[in-house]
Amino acid sequence: AHVNTGILYSLLGDFEKAKAVLDERWLMFYVAIYMYGIWDSYRGSVDMNKLYLLGSIYGYVLAWGANHLGHYRSGGRHRARAFAEVVAQSKNGAPPTP
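Below is a short write-up of the structure. (Residues numbered from 1 in each chain as written. Predicted model: local features only at pLDDT ≥ 70, side-chain atom pairs only at ≥ 80, totals over all residues. Heavy atoms only, no water.)

Quick word on the packing of aromatic side chains
Evaluated as defined, the whole model comprises one aromatic pair. Between Y36 and W39, the ring centres sit 5.8 Å apart and the planes meet at 40 degrees, which makes this aromatic pair tilted. Of this pair, Y36 and W39 are both found in helix α3 (residues 27–73), three residues apart, which corresponds to roughly one turn of the helix. By relative accessible area, W39 is classed as partly exposed at 47%. (Phe/Tyr/Trp six-rings, centres within 6.5 Å; stacked < 30°, edge-to-face > 60°. Helix = DSSP H or I, 4+ residues; strand = E, 2+ residues; numbered from the N terminus. Buried < 20%, exposed > 50% of the residue type's maximum accessible area, 1.4 Å probe, protein only.)

Here it is as structure tokens:
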């Protein structure tokens, strides 16, 4: 059958060698494999684009939440400053304030 060799030659642009290697009975099977490969590549790229858009929107929402909601939970103080205060209090032996 030499379908793989025929695919290799056709992708390299050597169509005469591809025709010589492939059996005529396998040509319709070759076309089906080729069209399936094109369709599957297209479907995969569309799915990846949807996932990229979903991930970028989700990442933006998470980043916004981490930057803004953490500020409110720390009593109006910035997270880094609140963390530094907790570390300083723990070094002094005082219990951390909420």
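Re helix α1 (residues 3–12)
An α-helical segment advances 3.6 residues per turn. Residues three or four places apart therefore align on the same side. Within α1, burial applies to V3, G6 and S10. End-on view of α1: buried residues confined to an arc of 60 degrees, all on one side of the axis. Across from the buried face of α1, at angles greater than 90 degrees, the exposed residues are N4, L11 and L12. Phi turns positive, to about 90 degrees, at G13, one or two residues after α1. (Arc of directions from axis to C-beta.)

Quick word on the pattern of salt bridges
Tallied over the full model, the rule gives five salt bridges. Here D14 and K17 are joined by a salt bridge, their closest N and O atoms 3.8 Å apart. Residue classification places K17 among the partly exposed residues on the basis of a relative accessible area of 43%. Of the charged contacts in the structure, one is a salt bridge between D47 and R43, with a shortest N-O distance of 3.7 Å. Placement of both D47 and R43 in helix α3 is noted, with a separation of four residues, approximately one turn of the helix. Under the relative-accessibility criterion, D47 is labelled partly exposed at 33%. By relative accessible area, R43 is classed as partly exposed at 35%. Salt bridges sharing common partners tie together D40, R43 and D47. (Salt bridge = Lys/Arg side-chain N within 4 Å of Asp/Glu carboxyl O.)

Interpretation in functional terms is not warranted from these geometric data alone.
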